[in-house]
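# Tertiary structure, described
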Amino acid sequence: MNDTTPLVCWFEEVNKDSVALVGGKCSSLGELINAGVRVPPGFALTTQGYAQFMRDAGILSEVNGLLKGLDHQDMDKLEEASRIIREMIESRPISIELEDLIAESYRKLSVRCGVPAVPVAVRSSATAEDLPGASFAGQQDTYLWIRGIDDVMHHVRRCISSLYTGRAIAYRVKMGFPHEQVAISVGIQKMTNSFTAGVMFTIHPTNGDRSVIVIDSNFGFGESVVSGEVTPDHFVVNKVALDILERTISNKTVCYTVDLREQKSVATEVPFERQNVQSIIDDEITELAWMGKQIEKHYGRPMDIEWAIDKDLPAGGNIFILQARPETIWSDKQREPVSAGSASAMDYILTSLLTGKKVS
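Conventions used here
Residues numbered from 1 in each chain as written. Predicted model: local features only at pLDDT ≥ 70, side-chain atom pairs only at ≥ 80, totals over all residues. Heavy atoms only, no water. Helix = DSSP H or I, 4+ residues; strand = E, 2+ residues; numbered from the N terminus. Buried < 20%, exposed > 50% of the residue type's maximum accessible area, 1.4 Å probe, protein only. Contact = heavy atoms within 4.5 Å. Salt bridge = Lys/Arg side-chain N within 4 Å of Asp/Glu carboxyl O.

## Remarks on the environment of L78
Tracing the sequence through the fold places L78 in helix α4 (residues 75-91). Given the relative accessible area of 0%, L78 is considered buried. Residues L78 and L67, spaced 11 residues apart in sequence, show a C-alpha to C-alpha distance of 8.4 Å. For L78, the contacting residues outside a window of four places in its chain are L70, D71, H72, G166, I169 and A170.

Right under this line is the structure:
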């Protein structure tokens, strides 16, 4: 990093090689955009911007002192150190220079989306998350349905402070990962007003089968699926022909939607008549699986993907990828193939013709 390193940049200006600048999450979004994948637009406060904020705040020596000598098993001391550090970060003002850059980018994003003070997700993107072989992902915070520059600035500070949650500190100590080698970027991304959302794996997360794509979905935003609050609808799709091999429609009692008055995500009860209805239609499952297949091909490895279907946009252009990171549980394991046969498309087609195919 040097004096020419940007403090703020657009997602399309970065790619997978930009982890040091914008962290794992934002660099992945930039990589997807440049690969032609449909991603909601946004911009990032870079790690250079984070470093400038921390220098301006004048708290680096205090933070390092509080982190020194912590035991990853002593949760009381970890949480106390976390509380003090987070309060320090969230109480410090952002410099006028940095605030102007963020505010102008937010204004341009609102113009680009055609929405005054466009609602955004303010997302943490640490330099040690979403990396192959690492499990740092999910340790920092994301805030949804943030609207107006004052709220954006407040939640940027909250994202920065989430680099120092008790959980994140403990994990770095346990893994021997120096705190000073971890930086954070903050992504500001247009919110998708999801009718349905969820997660997708381009490898079976239960048994490591690479011949299928697994999709979990629920009505509303993906929070209910990611957090495990509901048992989502579950689909297994053949990666070659994109046939739906398995479908499990669950009883979905809770979903997250936007409170238009408060402009925030709230848990609501799914109407009784929709609780056992399939939350995503078959055509959307097929398109999602195709997108997942292209993302896996681009990265050259199985992927863990978050997606959403925007109810404010017409079909055919309303499925968005919100996040994609390498799958790290099964994809690095050396093991025998799940199926005995060849994985070629022709072998799959011939096998289907000879044995018949279960109709879902």
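## Considerations on the pattern of salt bridges
The tally for this structure, following the rule as stated, stands at 13 salt bridges. With a shortest N-O distance of 3.1 Å, R86 and D141 are connected by a salt bridge. Taken together, the residues span a long stretch of sequence, with R86 in helix α4 and D141 in the loop between β3 (120-126) and β4 (142-146) at a distance of 55 residues. Since its relative accessible area comes to 18%, R86 is described here as buried. In this structure, K190 and D310 form a salt bridge, with 4.0 Å as the shortest nitrogen-oxygen distance. Taken as a pair, K190 in strand β5 (residues 184-190) and D310 in strand β12 (residues 303-310) lie far apart in primary sequence, 120 residues in all. Each of E80, R83 and E87 takes part in one network of salt bridges that share partners.

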